[in-house]
Number of protein chains: 2
Amino acid sequence: MAKKNYQREDVLDNVISLFWQQGYAASSIQQITKATGLKPGSIYHEFESKEKLFQEALARYATASIGAIHQKMADTENVNEGIKQILADLVEQSKSCDYCGCFLIKTQLELASQGNTLYQFASMQLSNIEKIYTEYLSRLYSNEQAKAYAAQLMTVIFGIRTYGYQADSANTITQTINALLPWLNEH
Amino acid sequence: MAKKNYQREDVLDNVISLFWQQGYAASSIQQITKATGLKPGSIYHEFESKEKLFQEALARYATASIGAIHQKMADTENVNEGIKQILADLVEQSKSCDYCGCFLIKTQLELASQGNTLYQFASMQLSNIEKIYTEYLSRLYSNEQAKAYAAQLMTVIFGIRTYGYQADSANTITQTINALLPWLNEH
DNA sequence: CTGCTTTTTGAACAGTCATTCAAACAATGA
DNA sequence: TCATTGTTTGAATGACTGTTCAAAAAGCAG
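As the structure is a computational prediction, the values presented were derived from the model and not from experiment. (Residues numbered from 1 in each chain as written. Chains lettered and ligands numbered in written order. Predicted model: local features only at pLDDT ≥ 70, side-chain atom pairs only at ≥ 80, totals over all residues. Heavy atoms only, no water.)

## Digging into the packing of helix H1 (residues 8-22) of chain B against helix H4 (residues 50-75) of chain B
Residues and elements named next belong to chain B.
Link 1 in the chain: Contact pair H1 / H4: the axes reach a minimum separation of 9 Å and the direction vectors enclose 95°. When the axis of H1 is compared with that of H4, the two are roughly perpendicular. Side by side, H1 and H4 meet where Arg8, Glu9, Leu12, Asp13, Val15, Ile16, Phe19 and Trp20 of the first sit next to Lys50, Leu53, Phe54, Glu56, Ala57, Arg60 and Tyr61 of the second.
Link 2 in the chain: Within the contact of H1 with H4, the residues separate by chemical class into nine nonpolar, no polar and six charged. (Axes fitted to C-alpha atoms, helices over the stretch in contact; angles between N-to-C directions. Helix = DSSP H or I, 4+ residues; strand = E, 2+ residues; numbered from the N terminus. Parallel < 35°, antiparallel > 145°, perpendicular 65-115°, else oblique. Contact = heavy atoms within 4.5 Å. Nonpolar A, V, L, I, M, F, W, Y, C, P; charged D, E, K, R; others polar.)

## What to know about the side chain of Thr155 of chain B
Link 1 in the chain: For Thr155 of chain B, the position within the fold is in helix H8 (residues 143-163).
Link 2 in the chain: Of the residues examined, Thr155 of chain B reaches a relative accessible area of 2% and is grouped as buried.
Link 3 in the chain: Not counting the four nearest positions on each side in its chain, Thr155 of chain B is found in contact with Thr155, Val156, Gly159, Ile160, Tyr163, Thr176 and Leu180 of chain A. (Buried < 20%, exposed > 50% of the residue type's maximum accessible area, 1.4 Å probe, protein only.)

## Notes on the relation of the copies chain B and chain A
For these two chain copies, the linking operation is a rotation about an axis paired with a shift along it.
Link 1 in the chain: With an axial shift of 0.0 Å and an RMSD of 0.0 Å, the rotation relating chain B to chain A amounts to 180°. The superposition operator between the copies reduces to a two-fold rotation axis. If distances are taken from each C-alpha of chain B to the rotation axis, the shortest is found for Gly159 of chain B, at 1.9 Å.
Link 2 in the chain: Of the interface residues in chain B, 100% have counterparts in chain A that sit at the interface too, so the contact is made through matching surfaces. (Least-squares fit on C-alpha atoms with pLDDT ≥ 70 in both.)

## Notes on the interface of chain B and chain A
Link 1 in the chain: Taken residue by residue, the interface counts 33 residues in chain B and 33 residues in chain A.
Link 2 in the chain: Both faces combined, the contact of chain B with chain A buries some 3000 Å², and carbon together with sulfur accounts for 63% of it.
Link 3 in the chain: Summed over the shared surface of chain B and chain A, the result is zero salt bridges.
Link 4 in the chain: Sort the elements by how many residues they give to the side of chain B that touches chain A and H8 of chain B lands first, with ten residues. (Buried area = accessible area lost by both parts, 1.4 Å probe. Salt bridge = Lys/Arg side-chain N within 4 Å of Asp/Glu carboxyl O.)

## Description of the packing of aromatic side chains
Given two aromatic rings, their pairing is described by the distance between the two centres and the angle made by the two planes.
Residues and elements named next belong to chain A.
Link 1 in the chain: What the rule picks out here adds up to 26 aromatic pairs over all chains.
Link 2 in the chain: With a centroid separation of 6.2 Å and 20° between ring planes, the pair formed by Phe19 and Tyr24 is classed as stacked. Each member of the pair, Phe19 as well as Tyr24, carries the same accessibility label: buried.
Link 3 in the chain: Members of the aromatic cluster, joined through ring pairs, are Phe19, Trp20, Tyr24, Phe54, Tyr61 and Phe103.
Link 4 in the chain: Across from the ring centre of Tyr24, 4.4 Å away, lies the NZ or CZ of Lys50, which sits over that ring. (Phe/Tyr/Trp six-rings, centres within 6.5 Å; stacked < 30°, edge-to-face > 60°. Lys NZ or Arg CZ within 6 Å of the ring centre and 35° of its normal.)

## With respect to H1 of chain B
Link 1 in the chain: For H1 of chain B, built from 15 residues, the straight-helix expectation of 21 Å at 1.5 Å per residue is met to within 8% by its first-to-last C-alpha distance of 21 Å.
Link 2 in the chain: Along H1 of chain B, the residues classified as buried are Val11, Leu12, Val15, Ile16, Leu18, Phe19 and Gln22 of chain B.
Link 3 in the chain: Considering only its buried residues, H1 of chain B is in contact with helix H6 (103-111) of chain A together with helix H2 (29-36), H4 and helix H6 (103-111) of chain B. (Expected span 1.5 Å × (residues − 1).)

## As for the nonpolar core
Link 1 in the chain: Formed by 132 residues in total, the largest nonpolar core has its most connected members in Leu87, Tyr133 and Leu181 of chain A together with Leu87, Tyr133 and Leu181 of chain B.
Link 2 in the chain: Contacts of Leu87 of chain B, omitting those with residues within four sequence positions, involve Leu153, Ile157, Ile160, Ile177, Leu181 and Leu184 of chain B. (Core = buried A, V, L, I, M, F, W, Y, C linked by side-chain atoms within 4.5 Å.)

## Observations regarding unusual backbone geometry
Generally, phi is negative for residues other than glycine and the peptide bonds are trans, each holding for most cases.
All names here are of chain A.
Link 1 in the chain: The phi angle at Asp168 is positive, at roughly 50°, despite the residue not being glycine.
Link 2 in the chain: Note that Asp168 resides in the loop between helix H8 (143-163) and helix H9 (170-180).
Link 3 in the chain: On the accessibility criterion, Asp168 (77% relative accessible area) is exposed.

## Some words on the pattern of salt bridges
Residues and elements named next belong to chain A.
Link 1 in the chain: If you walk through the whole model with that rule in mind, you get 16 salt bridges over all chains.
Link 2 in the chain: Across the pair Lys84 and Glu81 runs a salt bridge whose closest N-O atoms are separated by 4.0 Å. A residue pair is termed a helical-turn pair when its members lie 3 or 4 positions apart in one helix, as Lys84 and Glu81 do in helix H5 (residues 79-94) at three residues.
Link 3 in the chain: The partly exposed category is assigned to Lys84, whose relative accessible area is 31%.
Link 4 in the chain: The salt bridge partner of Glu92 is Lys95, with a shortest N-O separation of 3.4 Å.
Link 5 in the chain: Bridged by salt links that share partners, the residues Lys4, Arg8, Glu46 and Glu56 form one connected network.

Structure representation (structure tokens):
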């Protein structure tokens, strides 16, 4: 088989959901082989190590998440409407019985204590997302106000990403968002 | 040695910080023996399994956290002042270089996907804390309003517990709290 | 001192971990 | 056809996993 019989991206997609659900430490190579259909050798041939594989999966997740933000912003009338829809999507996700929050946040929490490269990467991506929100909010508000609102938004997103684990929390979350971020209903 | 040469609570305190920092999966029995000074046999004699040990550590952490809330409320003029101080303490904690968030939240995120007993326990404790806040807030507000404010408070706490991992976030967090929870400055 | 009970010890268990590698394999270009 | 190149295989590596257990040790009661 001189030509590889799998697509790098397909493998990554399978690996993302495994790592996302279980975290780094709890996901074994054995499980990865099962999820991808690849043998250990192939995995190590294509991706140098478990850590590198995780990093690439996380990067792909981050890219997709950022892409989704831009997409929403392009599809909606104004920035606040876009943000409202993004938040509504998060609430919708939290209704799923196998809800597993945000891959970046989970990685940050799991690997923070070890000064890990993966932690730093996740942390950087999250702060990058905040910057993106800041830029969009600058369309409606002053730079200073946009920065403050973006920090509020990220805090609320982090909050509902955790609150979403509580049973039957969707309605409460929706009301909480409206109470915490009243400025979303301006414009 | 017919009398045990360690205190159950001291062992738990050591174990709490290990599990808190590293999480369940990444903390090995070998590390636990190092952190506690106990040999494997003693650990399994005193605590049935790694899972039971973790559960007991988590319970002790939760009890201490809840105790700290009641203490703050007893020490302050009114409920809102107490909450403000609790939040200020969280901000202070986030300044530490080895900040590791909230043990309950980390456990919930790490172990959610497996329908784990430990996840359910952490989740229950967090919703219990929300209930406690609701009761305190009932002193100042109607039952309905207190419930809504407690949900907002929990969301913000969850949020800053994650936001706290970002470098130099303390000032931003303080401003964000004031913006998100303006009612804390009433009374 | 002699049994009895409780605790400690640390080696040993079977299983799993991440990773490696030589060999088998398949496609390409000459 | 044949050597070359890149890919897949799957067993094997040594280290580490959570857990067990028989033996040793130490206190107590008689």
